[in-house]
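Close look at the chain arrangement
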Amino acid sequence: MFSDAVTSFNKALDLDHKDKDALINLGNCHMSLGDFEMSVKTYHEALVLDRECVMSHYNLASAHHSAATSCPESAKAKAHYEAARSEFRAAIGLKPDYADAYFNLGICYQDEGLLDEARQSYLKAVQLSPDMTEAIDAIAALDSKAQ
């Protein structure tokens, strides 16, 4: 299913290589197929077309994070984590009330063992979206580990 969609989006891009939405959707397909490096490349291409696209920054961050967690022992993992944090912060800079970006930034920090930073990101997510149970649960898990 996603392979067919990749083919379709590539055909659309052959017709208009500046179709940001096709690039974002192509990146989403690559993410679903587990091809995180190709997702990174594709979302980056979308950002070249529109540096102010919050969704492209967020998706690029997610792709970098997925690439890092898929091979945590590799030399590339650290660079992917740094890029993920940078892109989540870029999305937040463009949309300061983006609770999901704060939450996922917290996950990056937590995955890297930066627990204070993770907690602060989770707290900001809850401040912006008080019903975000994932962030509430993440804070509770960090607090229980600290005891």
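Worth saying up front: this structure is predicted, and the values here are computed from it rather than measured. (Residues numbered from 1 in each chain as written. Predicted model: local features only at pLDDT ≥ 70, side-chain atom pairs only at ≥ 80, totals over all residues. Heavy atoms only, no water.)

1. A word on the overall build of the protein chain
Within the protein chain one finds 8 helices and 0 strands. Going from N to C terminus, the protein chain has its helices and strands arranged as α-α-α-α-α-α-α-α. A compact globule built from 147 residues would reach a C-alpha radius of gyration of about 15 Å, and the protein chain, at 16 Å, matches this within 12%. With respect to the three principal axes, the spread of C-alpha positions in the protein chain is 55 × 35 × 25 Å. Looking at the protein chain residue by residue over its 147 residues, the buried ones come to 41%. A fraction of 47% describes how many contacts in the protein chain between residues 6 or more apart in sequence connect residues 24 or more apart. (Helix = DSSP H or I, 4+ residues; strand = E, 2+ residues; numbered from the N terminus. Rg over C-alpha atoms; globule rule 2.2 N^0.38 Å. Buried < 20%, exposed > 50% of the residue type's maximum accessible area, 1.4 Å probe, protein only. Contact = heavy atoms within 4.5 Å.)

2. Some details on helix α2 (residues 20-32)
Its 13 residues give α2 an end-to-end C-alpha distance of 18 Å, which sits within 8% of 18 Å, the value for a rise of 1.5 Å per residue. Among the residues making up α2, those that are buried are A22, L23, I24, L26, G27, C29 and H30. Where α2 begins, one side-chain oxygen reaches toward the backbone nitrogen of D21, 3.2 Å away; that side chain belongs to D19. Directly beyond the C-terminal end of α2, a positive phi value near 80° is found at G34. (Expected span 1.5 Å × (residues − 1). Polar contact = N/O pair within 3.5 Å; in protein donor to acceptor, adjacent residues only side chain to side chain.)

3. What to know about the packing of helix α6 (residues 99-111) against helix α7 (residues 115-128)
At a closest axis distance of 8 Å, the pairing of α6 and α7 adopts a crossing angle of 165°. In terms of their interaxial angle, α6 and α7 are classed as roughly antiparallel. Between α6 and α7 lies a crossing whose hand is left-handed. Of α7, the residues touching α6 (which contributes A99, Y102, F103, L105, G106, I107, Y109 and Q110) are L115, E117, A118, S121, Y122, K124, A125 and L128. The class makeup of the residues in the contact of α6 with α7 is 11 nonpolar, 3 polar and 2 charged. (Axes fitted to C-alpha atoms, helices over the stretch in contact; angles between N-to-C directions. Parallel < 35°, antiparallel > 145°, perpendicular 65-115°, else oblique. Left-handed = near helix turned anticlockwise from the far one by under 90°. Nonpolar A, V, L, I, M, F, W, Y, C, P; charged D, E, K, R; others polar.)

4. A word on the nonpolar core
In this structure, F88, F103 and Y122 are the most contacted members of the largest nonpolar core, which totals 24 residues. Within the residue set of this core, elements represented by two or more residues are α4 (54-70), α5 (76-94), α6, α7 and α8 (133-146). Discounting residues that sit within four places of it in the chain, F103 has contacts with S121, Y122, A125, M132, E134, A135 and A138. Residues V6, I24, L26 and A46 belong to the second largest nonpolar core, which totals 9 residues. (Core = buried A, V, L, I, M, F, W, Y, C linked by side-chain atoms within 4.5 Å.)

5. What about the confidence of the model for the protein chain?
Put simply, the protein chain has an average pLDDT of 92, and 99% of its residues get 70 or more. Per-element confidence in the protein chain ranges from a low mean pLDDT of 78 for helix α1 (residues 2-15) to a high of 98 for α7. (pLDDT = per-residue confidence, 0-100.)

6. Describing the pattern of salt bridges
In total, this model carries 5 salt bridges according to the counting rule given. A salt bridge links E82 to K78; the nearest nitrogen and oxygen atoms lie 4.0 Å apart. Of this pair, E82 and K78 are both found in helix α5, 4 residues apart, which corresponds to roughly one turn of the helix. We note a salt bridge from R85 to E112, for which the minimum N-O separation is 2.4 Å. Of the two residues, R85 sits in helix α5 while E112 sits in the loop between α6 and α7, which places them 27 residues apart along the sequence. Take R85: its relative accessible area is 14%, and that puts it in the buried class. On the accessibility criterion, E112 (27% relative accessible area) is partly exposed. (Salt bridge = Lys/Arg side-chain N within 4 Å of Asp/Glu carboxyl O.)

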